[in-house]
Amino acid sequence: MFETGGANPSSAASGNSRKCSRVNSKRIHRVSSNGVVSHFTCPRRPMSHRCQSAKLLAVWTTMVAVLVFSTTPVFAVAKGSIGPDPEFVEPLQNLTVTAGRDVKLQCSVKHLGSYKVAWIYMERSAILTVQNHVITRNPRISVTHDQHHTWNLHIASIQESDRGGYMCQINTAAAKTRVGYITVVVPPSIDDALSSSDVTAREQSSVTLTCSATGTLPLTVRWRREDGKLININRTLAVTEWEGTHLELNKVSRYDMAAYLCIASNGVPPTVSKRISLSVEFPPSVTLHQQLIGAPLGSTVSLDCTIESSPAALHFWSRSDGTDLHEAAKYLMQSSSSIGPMATPTSSSQTSWPAFRTQLRLTIVNVTSRDYGAYRCVAKNQYGEADGVITFHRKL
């Protein structure tokens, strides 16, 4: 509440700081006896915090009040006012808002007469506004009046630190108050600096992917494979989804090579995600579909092999005498990008064909007797070399 007082500003400030040690339910601010400001009731807060700042806040409040209301003839409890006492028209709203948005709290009073309306932030026992004047030095705080009976407290770009109770107070002899609470929620955010970037690992090593997310709690972090396949945690555990800030993969294989999605959510839109690519490197291997192939003279025949390698291998065909074969009228060379994957027990469609696997096909046109013999499918990368030999013979 606001009351008139007869003390001068300096004595009021010192008196208030002394009262701090013994008053635990209110703070009293006094101003000179020229009818400007008296005192108001503030919400309880911890004694140690209040007492540290009592002198500074008392002096500051006194200076601001004198400056703001020096042009007002009377700012006091009008004990002799005629008419009904002021009343609140409706309760204050409790709001839940997303950080960064603008907020408005409304306080409607009827029969105000010569009394005044103030907004107070309860968490810090701080006067924010009195009537149409902003007291706080927070530039995001403002107040508007609808020219009737409503005072609007505006908070621009609200922050987590703004959460808590806001009191609308009328300076009657026994202060009349209404309190509204603001809950500030923060949507999830993934900190790239503290999260994993794309990872490259050797086959059979263990890998840990990290996703650091912030936002209003409770906050959930989930992992999924972008291709929808199971996540192989270890040799005995495979899951469609894993929950936690860390995804630990034990002894990764080439089949764990994929993009992993870290998805953070807390019920505050929007849900966010980060894509982390895992590359698994290993030496090449060569698989032959047929080791012995026969065809008659004058025919056309195709020799096939499949290479698995990461990083991608340099691959080529050669004869058993070491002669490398090159694309020509005699030889047609194709890879999986042009012929598509061959149906095998482990892959039957293009969508299941892994990126580390390449199919090679050598087609020999118009077979002559000189074309019979052994052909090598060769693959090399930085980790090693592999080959497979196909014997091509004459078929009667």
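This one's a predicted model, so the numbers in the text were calculated from it and none came from an experiment.

Let us now look at the sheet that holds strand β22 (residues 292-295). The strand order β22-β28-β27-β24 describes an open sheet built from four strands, whose pairing is mixed. Unpaired on one side and paired on the other, β22 and β24 (314-319) mark the two borders of the sheet. Averaged over all pairs of adjacent strands, the angle between strand axes in this sheet comes to 25°, irrespective of strand direction. Relative to strand β28 (residues 384-394), strand β27 (residues 373-381) runs antiparallel, the two sharing nine bridges. What sits directly across from Gly373, in β28, is Phe392.

This next bit is on the state of the cysteines. Per the counting criterion, the structure on display carries three disulfides. Covalent S-S linkage joins Cys107 and Cys168, the inter-sulfur distance amounting to 1.9 Å. Negative torsions about the S-S bond denote left-handed disulfides, and the value of about -80° found for Cys107 with Cys168 makes this one left-handed. Note that Cys107 is positioned in strand β3 (residues 103-110) and Cys168 in strand β9 (residues 164-170), a separation of 61 residues in sequence. Of the two residues, Cys107 and Cys168, neither departs from the other in class, the shared state being buried. Each sulfur in the disulfide pair Cys305 and Cys377 lies 1.9 Å from the other. Looking along the S-S bond of the Cys305-Cys377 disulfide, the torsion reads about 50°, which is the right-handed sense. Here Cys377 lies in strand β27 and Cys305 lies in strand β23 (residues 301-310), a separation of 72 residues in the sequence. Counting its disulfide-bonded cysteines in sequence order, the protein shows a connectivity of 1-2, 3-4, 5-6.

All right, on to the nonpolar core then. Counting residues in each nonpolar core, the largest one holds 25 residues, and the members touching the most others are Trp119, Tyr166 and Ile182. No other element matches the four residues that β3 contributes to this core. With sequence-adjacent residues up to four places away left out, Ile182 is seen in contact with Leu95, Val97, Val103, Leu105, Ile155, Ile158, Arg163, Gly164 and Tyr166.

This paragraph deals with the environment of Gly100. On the secondary structure map, Gly100 appears in the loop between β2 (95-98) and β3. You can call Gly100 partly exposed: its relative accessible area is 45%. In this structure, the C-alpha to C-alpha distance between Gly100 and Val185, residues 85 residues apart in sequence, is 9.6 Å. Not counting the four nearest positions on each side in its chain, Gly100 is found in contact with Ser157 and Ile158.

Our next topic: the confidence of the model for the protein. Confidence along the protein averages 82 in pLDDT terms, with 75% of residues attaining 70 or more. Note that residues 1-39 has pLDDT below 50 and, in this model, 101 contacts with residues that lie over four places away or in other chains. Confidence drops under a pLDDT of 50 for residues 343-350, and excluding neighbours within four residues, the segment shows eight contacts in the predicted structure.

A few words now on the pattern of salt bridges. Enumeration according to the criterion identifies 15 salt bridges in this entry. Here Arg361 makes a salt bridge to Asp304, at a shortest N to O gap of 2.7 Å. Of this pair, Arg361 sits in strand β26 (residues 357-364) while Asp304 sits in strand β23; the two residues are 57 residues apart in sequence, bridging distant segments of the chain. Residue class for Arg361 comes out partly exposed when judged on its relative accessible area of 23%. The class of Asp304 is buried, set by a relative accessible area of 12%. Between Lys380 and Glu385 there is a salt bridge; the shortest N-O distance is 3.8 Å. Overall, the relative accessible area of 33% leaves Lys380 in the partly exposed class. You can call Glu385 partly exposed: its relative accessible area is 48%. In the salt-bridge network here, residues are joined through shared partners; they are Glu203, Arg254, Glu308 and Arg357.

Going from Leu217 to Pro218, the amide bond is cis rather than trans, its omega being 0°. As for its position among the elements, Pro218 is in the loop between β14 (213-214) and β15 (220-225). Along the chain, Ser310 connects to Pro311 via a cis peptide bond; the corresponding omega equals 0°. In the Ramachandran plot, His111 falls in the positive-phi region, its phi being about 60° despite a non-glycine side chain. Tracing the backbone shows His111 in the loop between β3 and β4 (117-121). Backbone geometry at Gln204 places phi at a positive 80°, although glycine is not the residue there. Among the secondary structure elements, Gln204 is positioned in the loop between β12 (199-202) and β13 (207-210).

Scoring rules and cut-offs
- Residues numbered from 1 in each chain as written.
- Predicted model: local features only at pLDDT ≥ 70, side-chain atom pairs only at ≥ 80, totals over all residues.
- Heavy atoms only, no water.
- Pairing = 2+ DSSP bridges.
- Helix = DSSP H or I, 4+ residues; strand = E, 2+ residues; numbered from the N terminus.
- Axes fitted to C-alpha atoms, helices over the stretch in contact; angles between N-to-C directions.
- Disulfide = S-S within 2.5 Å.
- Buried < 20%, exposed > 50% of the residue type's maximum accessible area, 1.4 Å probe, protein only.
- Core = buried A, V, L, I, M, F, W, Y, C linked by side-chain atoms within 4.5 Å.
- Contact = heavy atoms within 4.5 Å.
- pLDDT = per-residue confidence, 0-100.
- Salt bridge = Lys/Arg side-chain N within 4 Å of Asp/Glu carboxyl O.

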